[in-house]
Amino acid sequence: MIAIKNEHELELMRQACKITAAARALAGEMVRPGVSTKAIDQAVHDFIVSQGAKPSFLNYSGYPASACISVNSTVIHGIPGHYTLKEGDIVSVDVGAYYKGFHGDCAATFACGAISTEAQKLIDVTKQSFFEGIAQATKGKRVQDISHAIQTYVESNGFSVVRSFVGHGVGRQLHEEPEVPNYGNPGRGPRLIPGMTIAVEPMVNVGTYDVRVLKDGWTTVTADGKLSAHYENTVLITDGEPEILTVTEGL
Ligand code: MF3
Ligand code: CO
């Protein structure tokens, strides 16, 4: 069952998502050489709590932190720790906040100082692929119309989309139906209906789309050790244009 949110529920979703987006922005501002990933996680945690919200990821299936911080060839679910960022790193920060019964979920990849041309292209293509995807996120279309647009854009730029992790519905639960893959066929998958809220989150690799999970059970890295980037927003399907909920405007 795909949850359709009513206006009251959507107002609460907007609030949760604003806190989430502000946490992402704060993390992004901290990305610079010499900063530990643990320090960024602590700041994300403290900010979310200061807003009267809870970090969605903390203790989710045993996840030990508030943010996922995934550097260079780490795709997703990097566990913050003692690593200090260095010039040239690309740093994916994924955050979630739970507020008044609803979750927000968003991510972005940030440059640490000066980065390579290829790394910058990867970040730009990953972000733009999200917008290509949500251009299809209108009522009556189907989930894989989004997926296909993301895949087509990424592959036309010479990169690959991760297959084994996907976007998802988000709301009262962090992960709800439907799954929102970043690859697929037009006209397939569940139909999009106003009031659906989905996390659209392309994970894009420079090389192979294959990934592996390290022994900690979380850290997911590219199989070939090449770079990966991530971009995610929580998005509402409406009668017209999709509404990106994880925005900082008005906060
Ligand atoms: N944004 C990610 C997702 O949608 C983060 C989940 S991390 C976890 O799956 F720790 F909560 F699992
Ligand atoms: Co997500």
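Below or above, wherever it landed, is the structure these notes cover.

Calculation rules
Residues numbered from 1 in each chain as written. Chains lettered and ligands numbered in written order. Predicted model: local features only at pLDDT ≥ 70, side-chain atom pairs only at ≥ 80, totals over all residues. Heavy atoms only, no water. Near = heavy atom within 4 Å. Polar contact = N/O pair within 3.5 Å; in protein donor to acceptor, adjacent residues only side chain to side chain. Areas by Shrake-Rupley, 256 points an atom, 1.4 Å probe, with all protein chains shown as cover. 1 Å grid on protein atoms, 1.4 Å probe; cavity = no way out; pocket = protein on both sides within 12 Å on 5 of 7 lines; lining within 4 Å. Sits in = over half its atoms within 2 Å of the grid points. Nonpolar A, V, L, I, M, F, W, Y, C, P; charged D, E, K, R; others polar. Phe/Tyr/Trp six-rings, centres within 6.5 Å; stacked < 30°, edge-to-face > 60°. Helix = DSSP H or I, 4+ residues; strand = E, 2+ residues; numbered from the N terminus. Buried < 20%, exposed > 50% of the residue type's maximum accessible area, 1.4 Å probe, protein only.

Next up on the list: the site of ligand 1. Lining the immediate environment of ligand 1, one finds 13 residues, of which Tyr63, Asp94, Asp105, His168 and His175 sit closest. A distance of 2.9 Å separates a nitrogen atom of ligand 1 from a polar atom in the side chain of Asp105. For ligand 1, whose unbound accessible area comes to 330 Å², protein coverage reaches 94%. Of the pockets mapped on this structure, ligand 1 occupies the largest pocket. For the shell around ligand 1, the class distribution of residues is six nonpolar, three polar and four charged.

This part is about the packing of aromatic side chains. All told, the structure shown has four aromatic pairs when counted by the stated rule. Taken together, a centroid distance of 4.9 Å and an interplanar angle of 80° make the contact between Tyr63 and Trp218 edge-to-face. Residue Tyr63 is located in the loop between β1 (54-55) and β2 (67-71), and its partner Trp218 is located in the loop between β11 (211-213) and β12 (220-222); the two are separated by 155 residues in the primary sequence. For the pair formed by Tyr63 and Trp218, the shared burial category is buried. Aromatic pair Phe130 and Phe131: ring centres 5.0 Å apart, planes at 85°, arrangement edge-to-face. Linked through ring pairs, Phe130, Phe131 and Tyr231 together constitute an aromatic cluster.

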